[in-house]
Amino acid sequence: MKKLFAEFFGTYWLVFGGCGSALFAAGIPNLGIGFAGVALAFGLTVLTMAYAVGHISGGHFNPAVSFGLWAGGRFPAKDLLPYIISQCIGALAAAGTLFIIWTGKAGNAINNTQAGAFASNGYGAFSPDGYSLSSAFIAEFVLTLFFLLVILGATDKFANGKFAGVAIGLALTLIHLISIPITNTSVNPARSLSQAIFTGGEPLSQVWLFWAAPILGALVAGFIYKTLLQNHDAA
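Residues numbered from 1 in each chain as written. Predicted model: local features only at pLDDT ≥ 70, side-chain atom pairs only at ≥ 80, totals over all residues. Heavy atoms only, no water.

**What about the environment of Ile33?**
Here is step 1: Its location among the elements puts Ile33 in the loop between α1 (2-25) and α2 (34-57).
Here is step 2: Ile33 sits in the partly exposed class, given a relative accessible area of 37%.
Here is step 3: Sequence separation between Ile33 and Ala22 is 11 residues, and the spatial gap between their C-alpha atoms is 8.5 Å.
Here is step 4: In this view, Ile33 contacts Ser21, Ala25, Ala26 and Val38; residues no more than four positions away in its chain are not counted. (Helix = DSSP H or I, 4+ residues; strand = E, 2+ residues; numbered from the N terminus. Buried < 20%, exposed > 50% of the residue type's maximum accessible area, 1.4 Å probe, protein only. Contact = heavy atoms within 4.5 Å.)

Shown next as structure tokens:
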């Protein structure tokens, strides 16, 4: 249960910090943090929680990460469903908190006909810069694949584990710097689901892509690392 609580709180912090920065701090005229600030916020959430609770649960905070670690031989299949449920509940709790805060300002409402509404992910008309379904799928697949390669490499028993959280947090920052204009950046099915549920409409109907592409990318990364990169001879 401690592992599941760690995944709950870690995913809560990721969604609250990352999506919260996009909702509250990114668009303030002349003072807003912009795309770069939101990217850094997502990276910082993972970095801080990796050191706070990573030693308890492994610090997944993302269903795609759990699948990727399973594919890489680092995580047992029996724990996949409990971890994913905990992550989704944490993300939904964070989105609920953000919703309460967001609607506490006069005039704030969620317009689910607008790209990026309530920090949701999307493609086509719901991509921040109008990228197609295929572009969104490729971006989410490739970026999650490399995110898992970083995670698997940085947490390898032959790597310097003290700096794993830094590498992983910076990788997530870089991922957001690349892909916020494309999909508003998911690489995390729980994060996408939580915002889509509160947004509704077309963003919710598009959430399938932000489960399929990240999980497929993570699975491919796990198999690549295990078969092509992992040092079996020294094991």
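**Quick look at a nonpolar patch on the surface**
Here is step 1: Together, Tyr51, Phe163, Val166 and Leu170 make up a nonpolar patch on the protein surface, roughly 400 Å² of accessible area in all.
Here is step 2: Tracing the backbone shows Leu170 in helix α6 (residues 164-183).
Here is step 3: Given a relative accessible area of 52%, Leu170 falls into the exposed group. (Patch = residues over 30% accessible without salt bridge, like charges linked within 9 Å, V, L, I, M, F, W, Y side chains within 5 Å. Areas by Shrake-Rupley, 256 points an atom, 1.4 Å probe, with all protein chains shown as cover. Salt bridge = Lys/Arg side-chain N within 4 Å of Asp/Glu carboxyl O.)

**Digging into the pattern of salt bridges**
Opposite charge on two side chains permits them to pair, given that their charged atoms come into close proximity.
Here is step 1: All chains considered together, the criterion is met by 2 salt bridges.
Here is step 2: Asp79 is paired through a salt bridge with Lys78; the nearest N and O atoms lie 3.4 Å apart.
Here is step 3: On the basis of relative accessibility, which here comes to 18%, the residue Asp79 falls in the buried class.

Take it as geometry only, folks, not as evidence of what the structure does.
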